[in-house]
Amino acid sequence: MGLPALEFSDCYLDSPQFRERLKSHEMELEKTNKFIKELIKDGKALIQALKNLSTAKRKFAESLNEFKFQCIGDAETDDEICIAKSLQEFAGVLQNLEDERTRMIENASDVLITPLERFRKEQIAAAKEAKKKYDKETEKYCTVLEKHLSLSAKKKEAHLHEADNQVDHVRQHFYEVSLEYVFKVQEVQERKMFEFVEPLLAFLQGLFTYYHHGYELAKDFNHFKTDLTISIQNTRNRFESTRSEVECLMKKMKENPHEHKSISPHTMEGYLFVQEKRSFVSTWVKYYCSYHREPKRMTLMLFDQKSGGKVGDEDSFTLKSCTRRKTDSIEKRFCFDIEAVDRPGVITMQALSEEDRRLWMEAMDGREPVYTLNRDSQNEGMAQLDVIGFNVVKKFIYAVETRGIDEQGLYRIVGVNSRVQKLLSLAMDPKTCADVELDSTEWEIKTITSAIKHYLRMLPAPLMTYQYQRSFIKAAKLDNPEARVAEIHSIVHRLPEKNRQMLELLMKHLAKVASHHQQNLMTVANLGVVFGPTLLRPQEETVAAIMDIKFQNIVVEILIENHERIFKDMPVSGGGQGNSQLNLPRRRSADSKAPSCSERPLTLFHTPTFSEKDKAVEKRNSVVVNSSADSVNCNSTHNWTRLNNLPTGDGDHDGLQPAKQSQPNSLLPCTFMEPLSSIQQSIQNPKVRSSMSTSPASPSPTSPRSPSWPMFSAPSSPQLASSPSSESSPISTPLRKARALYACKAEHDSELSFIAGTIFDNVHPSREPGWLEGTLDGKTGLIPENYVEFL
């Protein structure tokens, strides 16, 4: 279970529950702090060990390099030459390898140790300081409040008024400190996901680079190694053949020593920060820039001064105009805008100082800005999913696919707002829509793509509706990828017809855009970042909703990658016992653990409403379901066989009105199908939050938020459901015995702890949805409904 989101509104209530949630965040930060300290200590020891190893290898290489072979005679054979230089080659290889290791070691401190220490000292330490301030203000506020409340009502009015003002001031300051502390705590918790892991990834990348460098050196050395081996063998053979002759000569010299005597430049250049716009924020990137006045050519080169190497290729363009930015128009100082002849849009740059900006503007003949009032943007809710809207979107998509599908940053780079508003107003107006020529260079591709996104934001409700927003998010949190696709597939087919048609049109187009990602750099993940917040914007902006943005992106990614299956095929689902249910747990933020009884399931009520007339009229069979927002429909997948004679349909779980039924509280269970033999070995049965009553032989296997939990007994053959026209009937009979299928640990006094195989007495339905009441060893308590089978 992950950490709970801290809502700012709770700071004003300062409830015990809020303090408990805050305490859990503080404990997590303390644990992270201790772990980072140990990691830094171990990292420094590793770096020191690498330095010692590198020093020893360098000393060995230097010794090899200093030794020189002196061969006998005034000439050397090729083999001798090869052998003579081998030690220098060995030394060169070792030194080259150690040079790479040294670079890795030098970067290791900056890449691994420094970022971790900076994160611990700047972020976690700041959170601790904020906690001290928060605790101090809490004590001060409580003391002042108690003192204020003890004042006698008989005091003078002026004295009481002054005391009231003092308390209000202290209370307001306490609230401000509380909000800042909550903000800082959550900021550090989110930061550690990337600022903590990223240095480790960079360090490992350095190691991989070092090892890859060694591999490349070995390949380059292989040719010399082969030659050296041959030279050594040739030299050995020659030595063996001449040794006898030398020995014979030596003997002759011994015998007759007297018979064998010897015979005798740029207009302006420097660093500038260039604004690069991302999906949600703008970043400033440092470039080394040079400008030639005569051809009006500007060149940018991404250069890392810290490492002293080029990061990217040079980029150049022809200058059109240069305009100074006023301070009140941008948060940064020393900024100016430039326009290029050969590229669209305005490029905002930041000089290093006011004097530096003046020199750049003089070199580029800069001018003062001229501002015009922006027109009011169109109000949200002006667009509709009508014929005009569909025609406009189709027209825009056709223009993008025919003109600029390979344009880099497609949908990520935004157009000028005034141009976007003008294009939309002309295209949406029946009188002028025919005159809009998107093939003309008048409309840039980024203007058209921005118009598509703006149209979707102008809808009264997001395209994927507020009603199903939470359901999509929950589907994205499922652990199993196939389960996510199946659940999203089902939810999509519950959307209103026009919404689904527009979504299909959009996803088909985005899939085509993603297929050109080598050219436009817009992968499926990038498109998810761009469209997730637009298609699935929450109805209320809270901290918890902001944390779910990443799951909105996942939903859009799944829709793009599986658009053909999701929109062309009907989801395989239905009501009654004929349904099969995927045995797939939800995504977890913590390690897997045994399921807990506190994860309360919610009951899913089914009422079959099939008729032949409905089947003839509707394109999609459906089962009207009365459920809570946490309901999970029973989807069958390729992992399970289906009963062909049972009706299938779409279980609607989000906000549909329940059909008329004679027994409103009765349950219609989602029952296991007979699993395929190849799947039986990997069956899991997590504890479910969305409780679905099961037959004795087939417990419900699916949970929206349950950890993985092994199944203790495989399900037996399924029981056939009643006919579609029959009404559902209660599953359990009061005061029966039941056997536990899985173990469960209670987290509340009202619940029972038990192991698999435990027998319960007096088992009957509970008022708590998804739970039963039973007696174990004389104690009566709650039991998860889908954890037991009736005897």
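Details of the structure are given in the entry above.
Attention in this report is confined to the structure presented alongside it. All values derive from a computational prediction rather than experimental measurement.

## Concerning the overall build of the protein chain
A tally of helices and strands in the protein chain yields 19 helices and 17 strands. Sorting the 791 residues of the protein chain into buried and exposed places 42% on the buried side. Accessible area of the protein chain: about 43600 Å², with a carbon and sulfur share of 53%.

## Observations concerning the pattern of salt bridges
Applying the stated criterion to the full structure yields 29 salt bridges. A salt bridge links Asp14 to Arg19; the nearest nitrogen and oxygen atoms lie 2.8 Å apart. With relative accessibility at 24%, the residue Asp14 sits in the partly exposed group. According to the relative accessible area criterion, Arg19 is partly exposed, its value standing at 28%.

## Let's talk about the side chain of Ser86
Within the secondary structure, Ser86 sits in helix α4 (residues 86-149). Relative accessible area serves as the criterion here: at 5%, Ser86 is assigned to the buried category. A distance of 2.6 Å separates a polar side-chain atom of Ser86 from the backbone oxygen of Ile83. Those residues in contact with Ser86 that sit more than four places away from it in its chain are Phe224 and Leu228.

## Looking at the packing of aromatic side chains
Each aromatic ring pair is specified by the distance between its two centres and by the angle formed by the two planes. Under the counting rule described, the total for this entry stands at 13 aromatic pairs. When the ring of Phe754 is compared with that of Phe760, the centres are 5.0 Å apart and the planes differ by 85°; the resulting orientation is edge-to-face. The class of Phe760 is buried, set by a relative accessible area of 0%. Among the aromatic residues, those joined into a ring-pair cluster are Tyr12, Tyr134, Tyr141, Phe174, Tyr175 and Tyr181.

## Description of the sheet that holds strand β15 (residues 771-776)
A sheet is described by the order of its strands in space; here five strands give the open sequence β16-β15-β14-β13-β17, paired in antiparallel fashion. Each edge of the open sheet carries a strand with a single partner, namely β16 (779-784) and β17 (788-790). When the angles between neighbouring strand axes are averaged without regard to direction, this sheet yields 45°. Alignment of strand β13 (residues 736-740) against strand β14 (residues 759-765), held across three bridges, turns out to be antiparallel. Across the sheet, the residue bridging to Ala738 is Phe760, located in β14.

## A short note on the packing of helix α8 (residues 387-403) against helix α10 (residues 445-458)
Direction vectors running N to C along α8 and α10 enclose 150°, while the axes themselves pass 10 Å from each other. Between α8 and α10, the angle is such that the two are roughly antiparallel. Between α8 and α10 the crossing geometry is left-handed. Counted together, Gly389, Phe390, Val393, Phe396, Ile397, Ala399, Val400 and Arg403 of α8 and Ile445, Ile448, Thr449, Ala451, Ile452 and Tyr455 of α10 form the full contact between these two elements. A per-class count over the contact of α8 with α10 returns eleven nonpolar, two polar and one charged.

## Observations regarding the nonpolar core
Judged by nonpolar contacts, the single largest core of 63 residues is most densely connected at Phe396, Tyr411, Tyr455, Phe472, Leu503 and Leu535. Ignoring anything within four residues of it in the chain, the contact list for Leu535 reads Leu456, Pro462, Leu463, Met464, Leu503, Leu506, Met507 and Val556. Cys11, Leu22, Ala130 and Tyr181 belong to the second-largest nonpolar core, a separate cluster that totals 37 residues.

## Looking at the pairing of β16
Successive residues of a regular strand alternate their side chains across the two faces of the sheet. As paired strands, β15 and β16 are joined by six bridges and run antiparallel to one another. The residue of β16 that forms the bridge with Gly774 is Gly781. If you look at the hairpin formed by β15 and β16, you'll find two residues sitting between the two strands, and Asp777 has a positive phi there, around 55°.

## Some words on unusual backbone geometry
We note that Asp14 has phi near 50°; this positive angle belongs to a residue other than glycine. Within the fold, Asp14 resides in the loop between α1 (9-13) and α2 (16-66). A positive phi angle is found at Leu521, which is not glycine, with a value near 65°. Mapped onto the fold, Leu521 is located in the loop between α14 (517-520) and α15 (524-535).

Cut-offs applied
Along every chain, residues carry numbers that run from 1 in the direction the sequence is written. Since the coordinates come from a predicted model, pLDDT governs what is reported: local features require at least 70, and pairs of side-chain atoms require 80 or more to be given and counted, while whole-chain, interface and lining totals use all residues. Side-chain measures were taken over the full set of non-hydrogen atoms in the model, leaving aside hydrogen atoms and water. Counting from the N terminus, the helices are DSSP H or I runs at least four residues long and the strands are E runs at least two residues long. Each residue is placed in one exposure class: buried if its accessible area under a 1.4 Å probe, protein chains only, is under 20% of its type's maximum, exposed if it is over 50%, and partly exposed if it falls in between. Residue burial considers only the protein chains on display, and all accessible areas are found by Shrake-Rupley using a 1.4 Å probe. A carboxyl oxygen of Asp or Glu within 4 Å of a side-chain nitrogen of Lys or Arg is what we treat as a salt bridge. Polar contact is defined as a pair of N or O atoms within 3.5 Å, subject to the rule that within protein one atom must be able to donate a hydrogen and the other to accept it, and that residues adjacent in sequence are counted only when both atoms are side-chain atoms. Residue contacts are counted whenever heavy atoms from the two residues lie within 4.5 Å of one another. In this analysis, rings of Phe, Tyr and Trp, with Trp reduced to its six-membered ring, are considered paired at centre separations within 6.5 Å, and the interplanar angle assigns stacked below 30 degrees, edge-to-face beyond 60, and tilted for intermediate values. For two strands to count as paired, DSSP must find a minimum of two bridges between them. Where helices are involved, their axes are fitted lines through C-alpha atoms of the stretch in contact, as for all axes, and angles between N-to-C directions lie from 0 to 180°. What sets the label is the angle itself: under 35 degrees gives roughly parallel, over 145 gives roughly antiparallel, 65 to 115 gives roughly perpendicular, and the rest give oblique. Each crossing is labelled by how the near helix is turned from the far one, with a counterclockwise turn of less than a right angle marking it left-handed and a clockwise turn marking it right-handed. Under the scheme applied, nonpolar residues are Ala, Val, Leu, Ile, Met, Phe, Trp, Tyr, Cys and Pro; charged residues are Asp, Glu, Lys and Arg; polar residues are all the others, including Gly. By nonpolar core is meant a set of buried Ala, Val, Leu, Ile, Met, Phe, Trp, Tyr and Cys residues that side-chain atoms within 4.5 Å join together.

Honestly, it's all geometry; don't read function into it.
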